[in-house]
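Fold and geometry: a report
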Amino acid sequence: MKKLLQSFKRTRIGAFTLIAAVLLIIAAVLLNLALRVIPARYTTVQTGGSPVTSISVKTRDFIRSLDEPVTVYRLIDYNAEYDGLDLSDDQMGIFLSRYTDQNDDLIVVDIDMEEQPDFSADYSADELPHGSLIVESAKRSWVIPGDQLCLYNNDVLDQVFGQSAMLTKTQLLQYMNYVASAYEQGQSYLQQSTTKGYFQGEALLTSAIDYVTADVIPHGYLLTGLDCRPLPERLTNELAKLDVTTLDVTTVSAVPEDADCLILYAPGRDLSASESDMIRRYLNNGGSILLATSYTTVDACPRVMTLLSDRGLSALPGQVRDNDSTHHAGNDGAARILLERQFERI
């Protein structure tokens, strides 16, 4: 009898163990299913606030304020990798989910580049690499090339070329190969150099969403006729979001009425008296100007400086630099005014 009871107990314990194991498996399956529908911000740990998988409070507030549909197409080549920072498809998926979690009007659609090789042709004349993003609303669209998501800065390259540059991974390797072969100690210097990588995803994507949802695109005029230096590539790319045309100050007597902003970049000569009066009238009537001065011509352009001093600003010979190249307005030697916003009304 005692043996029978012991056997029964063992059998009952075994049955309970089996039932418990089955319940644990069911619970695990249900938990896994639940996690699939819970926003990623609640299920993914952000280690140290990684810039690759996190977005700022300002971006979250902006995305939550959207009141129209926006689609982000992500171009995926499953045989390719992202150009930089060891960025993975999973990381980008988490990053993009930070946006879609904020607003149901924002969705992400993955496009298989092998199955739909011509998808991007309607948005860009250039062949877009893996990871590129196409942001589209009912108003307009904007393309973010995948190789622009990660940019690099190298301290030795900055010293060699005398300017601070943000480069794609491909550009970085090209310049490093050039320095290594063109300079006697180039290879040695590069081995001791410091290269920093910066994820540009939030800045690019938030700006693109802002652009495609804007009710009105400002009309800007790029001032010419003053021997101005060429615009840096990064600034040119940003200004592409505006409706920008050129305006030769030597051929007009008044700023066009449709001007929302004037752009004067590093003039090589000073304004004439009539040119200065024309621009000052425009500014005094509520106009805006994006003005960058060249440190080499500050003293030679007193009327240009007057545009600043009229508003309590001034420019001095020399350069303002920041060790973080993501704060730089461009890649040339023009003096940099470091602002949180891309444009500042003056």
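Here's what I pulled together on the structure shown here. Just so it is clear, the model here is predicted, and its values are computed rather than measured.

Here's the deal with helix H11 (residues 302–309)
Buried within H11 we find Val304, Met305, Leu307 and Leu308. Buried residues of H11, viewed axially, fall in a sector of 145°; they line one side. Taken together, the buried residues of H11 touch strand E9 (261–265), helix H10 (273–284) and strand E10 (289–292).

Section: the pattern of salt bridges
Under the criterion given, the structure shown has 6 salt bridges. The closest approach of N and O atoms between Asp310 and Arg280, which form a salt bridge, is 2.9 Å. Linking Asp310 in the segment after H11 with Arg280 in helix H10, this pair joins segments that are 30 residues apart in sequence. With a relative accessible area of 37%, Asp310 lands in the partly exposed category. Salt bridges here are not isolated pairs; linked through shared partners, they connect Glu68, Lys139 and Asp215.

A closer look at helix H4 (residues 89–100)
A rise of 1.5 Å per residue sets the reference length of H4, with its 12 residues, at 16 Å; its end C-alpha atoms lie 16 Å apart and thus fit the reference within 8%. When H4 is considered as a whole, its buried residues turn out to be Met92, Phe95, Leu96, Ser97, Arg98 and Tyr99.

Topic: the packing of aromatic side chains
Throughout the structure, instances matching the rule amount to 7 aromatic pairs. Taken together, a centroid distance of 5.8 Å and an interplanar angle of 35° make the contact between Phe119 and Tyr123 tilted. Phe119 gets classed as buried once you look at its relative accessible area, which sits at 18%. Its relative accessible area of 22% is what places Tyr123 among the partly exposed residues. Summarising the aromatic geometry, the rings of Trp142 and Tyr211 are spaced 5.2 Å apart at their centres and angled 70° between planes, so their arrangement reads as edge-to-face. A residue pair is termed long-range when its members are at least 10 positions apart, and Trp142 in strand E4 (residues 141–144) and Tyr211 in helix H8 (residues 201–213) qualify at 69 residues. Across the pair, exposure class does not vary: Trp142 and Tyr211 are buried alike. Cluster of aromatic residues (ring-pair linked, three or more members): Tyr73, Phe119 and Tyr123.

Looking at the packing of H10 against H11
The N-to-C vectors of H10 and H11 enclose an angle of 15°; their axes lie 10 Å apart at closest approach. With respect to their mutual orientation, H10 and H11 come out roughly parallel. Between H10 and H11 lies a crossing whose hand is right-handed. Residue-level inspection shows Ala273, Ser276, Ile279, Arg280 and Leu283 of H10 in contact with H11, the latter providing Arg303, Thr306 and Leu307. Each residue belonging to the contact of H10 with H11 can be placed in one class, and the counts come to 4 nonpolar, 2 polar and 2 charged.

Notes on the sheet that holds strand E2 (residues 106–112)
Strand pairs in the sheet, formed through backbone hydrogen bonds, run parallel or antiparallel to each other. Pairing is mixed across the open sheet formed by 4 strands, whose spatial order is E2-E1-E3-E4. Every other strand in the sheet has two partners, leaving E2 and E4 as the edge strands with one partner each. Each strand axis lies, on average, 20° off the axis of its neighbour in the sheet, ignoring direction. The sheet contact formed by strand E1 (residues 70–76) and strand E3 (residues 133–136) spans 4 bridges and is antiparallel.

Points about the sheet that holds E10
Strand order in the open sheet made by the 4 strands is E8-E7-E9-E10, with parallel pairing throughout. The open sheet has two free edges, formed respectively by strand E8 (243–248) and E10, since each of these has just one partner strand. Adjacent strand axes in the sheet meet at a mean angle of 25° when their direction is disregarded.

Structural notes on the nonpolar core
Proteins that are soluble and globular tend to have nonpolar side chains buried together. Counting 34 residues, the largest nonpolar core has Met92, Val135 and Leu205 as the members making the most contacts within it. Tallying contributions element by element places H8 first for this core, with 5 residues. Each residue touching Val135, except ones within four places of it in the same chain, is listed here: Val70, Thr71, Val72, Arg140, Ser141, Trp142, Ile144, Leu205, Ala208, Ile209 and Val212. Leu264, Leu291, Val304 and Met305 belong to the second-largest nonpolar core, a separate cluster that totals 22 residues.

Some details on unusual backbone geometry
A negative phi angle characterises most non-glycine residues, just as the trans form characterises most peptide bonds. Although it is not a glycine, Asp227 adopts a positive phi angle of roughly 55°. Mapped onto the fold, Asp227 is located in the loop between strand E7 (219–224) and helix H9 (233–239). For Asp227, a relative accessible area of 58% corresponds to the exposed category. The backbone of Ala266 shows a phi angle near 45°, a positive value even though the residue is not glycine. The topology assignment puts Ala266 in the loop between E9 and H10. With relative accessibility at 1%, the residue Ala266 sits in the buried group.

Examining a nonpolar patch on the surface
A cluster of nonpolar side chains, namely Val160, Phe161, Tyr175, Tyr178 and Tyr183, defines an oily patch on the protein surface of about 440 Å² accessible area. Secondary structure elements with two or more residues in the nonpolar patch: helix H5 (155–161) and helix H6 (169–182). With relative accessibility at 30%, the residue Val160 sits in the partly exposed group.

A short note on a negative patch on the surface
Negative charge collects at one region of the surface, where Asp243, Glu257, Asp258 and Asp260 lie side by side. Relative to the helices and strands, Asp260 resides in the loop between E8 and E9. A relative accessible area of 42% places Asp260 in the partly exposed class.

What counts and what doesn't
- Residues numbered from 1 in each chain as written.
- Predicted model: local features only at pLDDT ≥ 70, side-chain atom pairs only at ≥ 80, totals over all residues.
- Heavy atoms only, no water.
- Buried < 20%, exposed > 50% of the residue type's maximum accessible area, 1.4 Å probe, protein only.
- Helix = DSSP H or I, 4+ residues; strand = E, 2+ residues; numbered from the N terminus.
- Arc of directions from axis to C-beta.
- Contact = heavy atoms within 4.5 Å.
- Salt bridge = Lys/Arg side-chain N within 4 Å of Asp/Glu carboxyl O.
- Expected span 1.5 Å × (residues − 1).
- Phe/Tyr/Trp six-rings, centres within 6.5 Å; stacked < 30°, edge-to-face > 60°.
- Axes fitted to C-alpha atoms, helices over the stretch in contact; angles between N-to-C directions.
- Parallel < 35°, antiparallel > 145°, perpendicular 65-115°, else oblique.
- Left-handed = near helix turned anticlockwise from the far one by under 90°.
- Nonpolar A, V, L, I, M, F, W, Y, C, P; charged D, E, K, R; others polar.
- Pairing = 2+ DSSP bridges.
- Core = buried A, V, L, I, M, F, W, Y, C linked by side-chain atoms within 4.5 Å.
- Patch = residues over 30% accessible without salt bridge, like charges linked within 9 Å, V, L, I, M, F, W, Y side chains within 5 Å.
- Areas by Shrake-Rupley, 256 points an atom, 1.4 Å probe, with all protein chains shown as cover.
- Lys, Arg positive; Asp, Glu negative; His and termini not counted.
- Charge placed at Lys NZ, Arg CZ, Asp CG, Glu CD.

Honestly, that's just the spatial picture; any functional story needs more than this.
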